[in-house]
Amino acid sequence: MPADNNKVAIGADHAGLEFKALIRDQLIRLGFQYVDAGAPEGTERVDYPIVAADVAKLIQNGECVYGVLTCGTGLGMSMAANRFRSIRAANCSNEAMARLARAHNDANVLTLGQRLLGPDLALSILEVFLTTPFEGGRHQGRLSLFN
Ligand code: RB5
């Protein structure tokens, strides 16, 4: 992560709001700044592609270096975020996926499924994602093929 920007964009649909609040608190504990792209707490229904687009744009315009998106499964958010150029969103359900998503794929968006993961696991996945550097080398060459 660049030293001059440690901002993480966070976003959730209605099925990921509890995780978003936990993630926000964990980011503060870990010393990251955050931008909350919604949905606001208490929102009864919001369509995940709208939130994913807002988080993707915060990364594309350089305001944030990473994004974390939560919904029921994490799947819709990852599909929606990956439609945006230079976004590499990874839906992770364990720490090994988070580590490899960063080390090999240079993922810049983590998606998490609130209906599938416990909160402790989700926060552990988050911490691994945020603290694992990209390995570069042969992996950079592969990324160049699709970005
Ligand atoms: C909302 O009910 C649910 O479909 C959404 O949060 C997400 O899981 C979609 O991938």
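Please refer to the structure placed before this passage.
What you see is a predicted model, and the numbers here were worked out from it, not measured in a lab. (Residues numbered from 1 in each chain as written. Predicted model: local features only at pLDDT ≥ 70, side-chain atom pairs only at ≥ 80, totals over all residues. Heavy atoms only, no water.)

**Student:** Any chance you could break down the overall build of the protein chain for me, citing the residues and the numbers?
**Tutor:** Along its length, the protein chain carries six helices and five strands. Each helix and strand of the protein chain, placed in order from N terminus to C terminus, yields the pattern β-α-β-α-β-α-β-α-β-α-α. Here the C-alpha radius of gyration of the protein chain, 14 Å, is about what a compact globule of 147 residues would show, namely 15 Å. C-alpha extents for the protein chain along the principal axes are approximately 45 × 30 × 25 Å. (Helix = DSSP H or I, 4+ residues; strand = E, 2+ residues; numbered from the N terminus. Rg over C-alpha atoms; globule rule 2.2 N^0.38 Å.)

**Student:** Hey, could you go over the site of the ligand for me, with residue numbers and the actual values?
**Tutor:** Within the structure, the ligand sits among D13, H14, A15, Y48, C71, G72, T73, G76 and R115. Taking G76, its main chain carries an N or O atom lying 2.8 Å from an oxygen atom of the ligand. In this structure, R115 approaches the ligand through a side-chain N or O atom, which is 3.2 Å from an oxygen atom. Bound to the protein, the ligand loses 72% of the 300 Å² it would expose on its own. (Near = heavy atom within 4 Å. Polar contact = N/O pair within 3.5 Å; in protein donor to acceptor, adjacent residues only side chain to side chain. Areas by Shrake-Rupley, 256 points an atom, 1.4 Å probe, with all protein chains shown as cover.)

**Student:** Can you tell me about the pairing of strand β5 (residues 109-113), naming the residues and giving the values?
**Tutor:** Counting buried residues along β5, five of its five residues qualify, which places the element largely inside the surrounding structure. Burial of β5 is two-sided: the residues V109, T111 and G113 facing one way and the residues L110 and L112 facing the other way are all buried. Bridge count for strand β3 (residues 66-71) against β5 is five bridges, and the pairing is parallel. Bridge pairing links L69 to T111 in β5. (Buried < 20%, exposed > 50% of the residue type's maximum accessible area, 1.4 Å probe, protein only. Pairing = 2+ DSSP bridges.)

**Student:** Outline unusual backbone geometry, listing residues and values.
**Tutor:** Peptide bonds are mostly trans, and most non-glycine residues show a negative phi. Between G38 and A39 the backbone carries a cis peptide bond, its omega angle lying at 0°. On the secondary structure map, A39 appears in the loop between β2 (33-36) and α2 (48-60). Backbone geometry places D106, a non-glycine residue, at a positive phi of 50°. Looking at the secondary structure, you find D106 in the loop between α4 (95-103) and β5. Using a relative accessible area of 18% as the deciding quantity, one classes D106 as buried.

**Student:** So what's going on with helix α5 (residues 119-131)? Residues and values would help.
**Tutor:** Across its 13 residues, α5 extends 18 Å between first and last C-alpha, which sits within 8% of the 18 Å expected from 1.5 Å per residue. Considering only its buried residues, α5 is in contact with β1 (7-12), α1 (17-30), β3, α4 and β5. (Expected span 1.5 Å × (residues − 1). Contact = heavy atoms within 4.5 Å.)

**Student:** Outline the nonpolar core, listing residues and values.
**Tutor:** Residues V8, I23, V68, L110, L112 and L130 are the most contacted members of the largest nonpolar core, which totals 23 residues. Looking at this core, the elements with two or more residues in it are β1, α1, β3, α4, β5 and α5. Tallying contributions element by element places α5 first for this core, with six residues. Judged by nonpolar contacts, the second largest core, of 21 residues, contains A9, A12, V35 and M77. (Core = buried A, V, L, I, M, F, W, Y, C linked by side-chain atoms within 4.5 Å.)

**Student:** Describe in detail the pairing of β3, supporting the description with residues and values.
**Tutor:** Burial within β3 is extensive, with six of its six residues counted as buried. Where β1 and β3 come together, five bridges link them in parallel fashion. Note that in β3 the partner of V8 across the bridge is Y66.

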